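Report on the structure
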Amino acid sequence: LYRRYGLWFRLRKLIIWLLGVYIAIPFLVKLCPAIQAKLVFLNFVRVPYFIDLKRPQDQGLNHTCNYYLQPEEDVTIGVWHTVPAALWKNARGKDQLWFEDALGSNHPVILYLHGNAGTRGGDHRVELYKVLSSLGYHVVTFDYRGWGDSIGSPSERGMTYDALHVFDWIKARSGDNPVYIWGHSLGTGVATNLVRRLCERETPPDALILESPFTNIREEARSHPFSIYRYFPGFDWFFLDPITTSGIKFANDENVKYISCSLLILHAEDDPVVPFHLGKKLYNIAAMSRSFRDYKVQFVPFHTDLGYRHKYIYRSPELPRILR
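Described below are features of the structure shown in this document. (Residues numbered from 1 in each chain as written. Predicted model: local features only at pLDDT ≥ 70, side-chain atom pairs only at ≥ 80, totals over all residues. Heavy atoms only, no water.)

**Let's talk about the overall build of the protein**
- What the protein contains, in helices and strands, is 12 helices and 8 strands.
- A compact globule built from 324 residues would reach a C-alpha radius of gyration of about 20 Å, and the protein, at 22 Å, matches this within 12%.
- If one aligns the C-alpha atoms of the protein with their principal axes, the spans along those axes are about 80 × 45 × 45 Å.
- A burial count over the protein gives 51% of its 324 residues as buried.
- At a minimum sequence separation of 6, the contacts of the protein that also span at least 24 residues come to 74%.
- A total accessible area of about 15,900 Å² is found for the protein, and carbon and sulfur atoms account for 56% of it.
- Here the protein carries 38 positive and 32 negative side-chain charges, and the mean point of each set is 8 Å from the other. (Helix = DSSP H or I, 4+ residues; strand = E, 2+ residues; numbered from the N terminus. Rg over C-alpha atoms; globule rule 2.2 N^0.38 Å. Buried < 20%, exposed > 50% of the residue type's maximum accessible area, 1.4 Å probe, protein only. Contact = heavy atoms within 4.5 Å. Areas by Shrake-Rupley, 256 points an atom, 1.4 Å probe, with all protein chains shown as cover. Lys, Arg positive; Asp, Glu negative; His and termini not counted. Charge placed at Lys NZ, Arg CZ, Asp CG, Glu CD.)

**Topic: a nonpolar patch on the surface**
- A surface patch of nonpolar side chains, about 650 Å² in accessible area, is lined by W8, L11, L14, I15, W17 and L18.
- Along the chain, the position of L11 falls in helix 1 (residues 2–31). (Patch = residues over 30% accessible without salt bridge, like charges linked within 9 Å, V, L, I, M, F, W, Y side chains within 5 Å. Salt bridge = Lys/Arg side-chain N within 4 Å of Asp/Glu carboxyl O.)

**A few points about the environment of H303**
- Here H303 is to be found in the loop between strand 8 (297–302) and helix 12 (319–323).
- On the basis of relative accessibility, which here comes to 43%, the residue H303 falls in the partly exposed class.

**Some thoughts on the pairing of strand 4 (residues 138–142)**
- For strand 4, a buried count of 5 out of 5 residues is recorded, marking the element as mostly surrounded by other parts of the structure.
- The side-chain alternation of strand 4 yields two buried faces, one formed by H138, V140 and F142 and the other by V139 and T141.
- Summarising the sheet, strand 2 (residues 75–82) and strand 4 pair through 4 bridges and their orientation is antiparallel. Among the inter-strand pairings, T82 is bridged to a residue of strand 4, identified as V139.
- Relative to strand 4, strand 3 (residues 109–113) is paired through 4 bridges, and the arrangement is parallel. Bridge pairing in strand 4 links L111 to V140. (Pairing = 2+ DSSP bridges.)

**Quick notes on the sheet that holds strand 8**
- Taken in spatial order, the 8 strands line up as 1-2-4-3-5-6-7-8 in an open sheet, and their pairing is mixed. Edge positions in the sheet fall to strand 1 (64–72) and strand 8, since each has one partner strand and no second. Geometrically, the sheet is characterised by an average inter-axis angle of 20 degrees between neighbouring strands, direction not taken into account.
- Here helix 11 (residues 276–288) sits on the sheet in contact with strand 6 (207–211), strand 7 (262–268) and strand 8, set at roughly 165 degrees to strand 8. (Axes fitted to C-alpha atoms, helices over the stretch in contact; angles between N-to-C directions.)

**Comments concerning the packing of aromatic side chains**
- Counted under the stated rule, the structure contains 13 aromatic pairs.
- A centroid spacing of 6.3 Å and a plane angle of 75 degrees characterise the contact between Y137 and Y180, whose relative ring orientation is edge-to-face. Taken together, the positions of Y137 in the loop between helix 5 (123–134) and strand 4 and Y180 in strand 5 (residues 179–184) put the pair 43 residues apart, joining distant regions of the chain.
- When the ring of F276 is compared with that of F299, the centres are 5.6 Å apart and the planes differ by 65 degrees; the resulting orientation is edge-to-face. Of this pair, F276 sits in helix 11 while F299 sits in strand 8; the two residues are 23 residues apart in sequence, bridging distant segments of the chain.
- Using a relative accessible area of 21% as the deciding quantity, one classes F276 as partly exposed.
- Look at F299 and you get buried, because its relative accessible area is 12%.
- Aromatic rings pair up to connect F41, F142, Y144 and W147 into one cluster.
- Across from the ring centre of Y258, 4.0 Å away, lies the NZ or CZ of R196, which sits over that ring. (Phe/Tyr/Trp six-rings, centres within 6.5 Å; stacked < 30°, edge-to-face > 60°. Lys NZ or Arg CZ within 6 Å of the ring centre and 35° of its normal.)

As structure tokens, this is what we get:
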């Protein structure tokens, strides 16, 4: 009886402690909005670990060059440039100047904006670069300030400015070659911010591709499977308002109303991170927008049975046809 009582006492103490932590976390987030911003960006999560971002060849990208660009004072971002398959042999042993000049070759360019967590060297990202390169695209990607080996503090404004700087850098070297912007997950928020800005200054890209997009960061946070507090009383006040207070909106649903270029949305029905219905909702908003009346807007779903989930659409054998 004594042992049973001691075990029950310890178990009850643990339950009370866990309950206390569960209740305390919302108040901690509310008092320190920076915590919620960290959870949105997850830039401190660097996977895969122990890779040298200066050496993309270690990830099987022998036709890729690593650059460093400086969008602002005290901000440096790491960039990878993968050339099309037709240039692989010529790219061996070449320096940065050769790769920059290669952007002017007769091949389209994709500026890839990755999602939160990890770096430009993430496994699924590397596999997508290889697929796009084999289809004849230059692929330029980078880590936003605060990610990977890029220097600076993360913010929505800063991420968007970094993307704008890289886009302008590409356009200054690519001549008349088409430039497409591809955003994935959180990167779709950066992508629509960027393209809206480009359209407002009348320099739109040739197309925008959104993979696994959401409508806005509040709806995504509310729908995210890891939002264990979504039924907590005052969830919006405790968790969503601090995101807004931190200046984080990623309002794809508003941005698409001001975008005037072709739009392609890709979304897997079994996406466990960004629910499929958010991508479909964004498509419906874009399809009804007057800004797209002269441009093609397409939504391509991928059936649950395919198992592409949040980050494996690159495996689709239909992708080349879809992009064409």
